[in-house]
Amino acid sequence: MGVVLEVRSGPEAGQKVRLDPGKPVRVGRKPPADCVLPRDRMLSGLHFEILWDGQVCKVRDLDSANGTQVGR
C-alpha cells in the first residue's frame, strides 16, 4: 500500500506527491521544499513535513508563520 499527498483546494489543487516509507516530504512555497506550492500565500517557504514509516503518517510543522493543522 502506498501513500499519496494530494492538494485538494487552492491554486495548486490537484498536485500530488507520492510518499516513500522513511523519507520525509517537506511542503512549502519555495525550494528547498520537496513539494513546492508557489502560489499558496498561506504557506511559509518551508511550512511542514510529512513522514510515512510504512504504517503511520506523521505531520510536523517547520516553524511556519501560520502553523499547521490536521483534520480541519
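Model, not experiment: these values are computed from the prediction.

Engineer: Explain the overall build of the protein here, please?
Structural biologist: Looking only at helices and strands, one finds zero helices and six strands in the protein. Along the protein, from the amino end to the carboxyl end, the secondary structure elements read β-β-β-β-β-β. Over its C-alpha trace the protein gives a radius of gyration of 12 Å, about what one expects of a compact globule, namely 11 Å for 72 residues. Each principal axis of the C-alpha atoms in the protein carries an extent, and together these give about 30 × 25 × 25 Å. Out of the 72 residues in the protein, the part that is buried amounts to 29%. Long-range pairs, those at least 24 residues apart, make up 25% of the contacts in the protein between residues at least 6 apart in sequence. Approximately 5,200 Å² of the protein is accessible, and the part contributed by carbon and sulfur atoms is 49%. Computing the positive centroid from 12 side-chain charges and the negative centroid from 9, the protein places the two 4 Å apart.

Engineer: Can you help me understand the pattern of salt bridges in this one?
Structural biologist: Opposite charge on two side chains permits them to pair, given that their charged atoms come into close proximity. Evaluated as defined, the whole model comprises four salt bridges. Glu12 serves as the salt-bridge partner of Arg39, at 3.1 Å between the closest nitrogen and oxygen. In this pair, Arg39 sits in the loop between strand E4 (35-36) and strand E5 (48-52) while Glu12 sits in the loop between strand E1 (3-6) and strand E2 (16-19), placing the two residues 27 residues apart along the sequence. Judged by relative accessible area, which is 9%, Glu12 ranks as buried.

Engineer: Please clarify how the pairing of strand E3 (residues 25-28) should be interpreted in this entry.
Structural biologist: Consecutive side chains of a regular strand alternate in pointing toward one face of the sheet and then the other. When E3 meets E5, the two strands line up antiparallel, connected through three bridges. Within E5, the position partnered with Val25 by the bridge is Ile50.

Each value, and the rule that gives it
Residues numbered from 1 in each chain as written. Predicted model: local features only at pLDDT ≥ 70, side-chain atom pairs only at ≥ 80, totals over all residues. Heavy atoms only, no water. Helix = DSSP H or I, 4+ residues; strand = E, 2+ residues; numbered from the N terminus. Rg over C-alpha atoms; globule rule 2.2 N^0.38 Å. Buried < 20%, exposed > 50% of the residue type's maximum accessible area, 1.4 Å probe, protein only. Contact = heavy atoms within 4.5 Å. Areas by Shrake-Rupley, 256 points an atom, 1.4 Å probe, with all protein chains shown as cover. Lys, Arg positive; Asp, Glu negative; His and termini not counted. Charge placed at Lys NZ, Arg CZ, Asp CG, Glu CD. Salt bridge = Lys/Arg side-chain N within 4 Å of Asp/Glu carboxyl O. Pairing = 2+ DSSP bridges.

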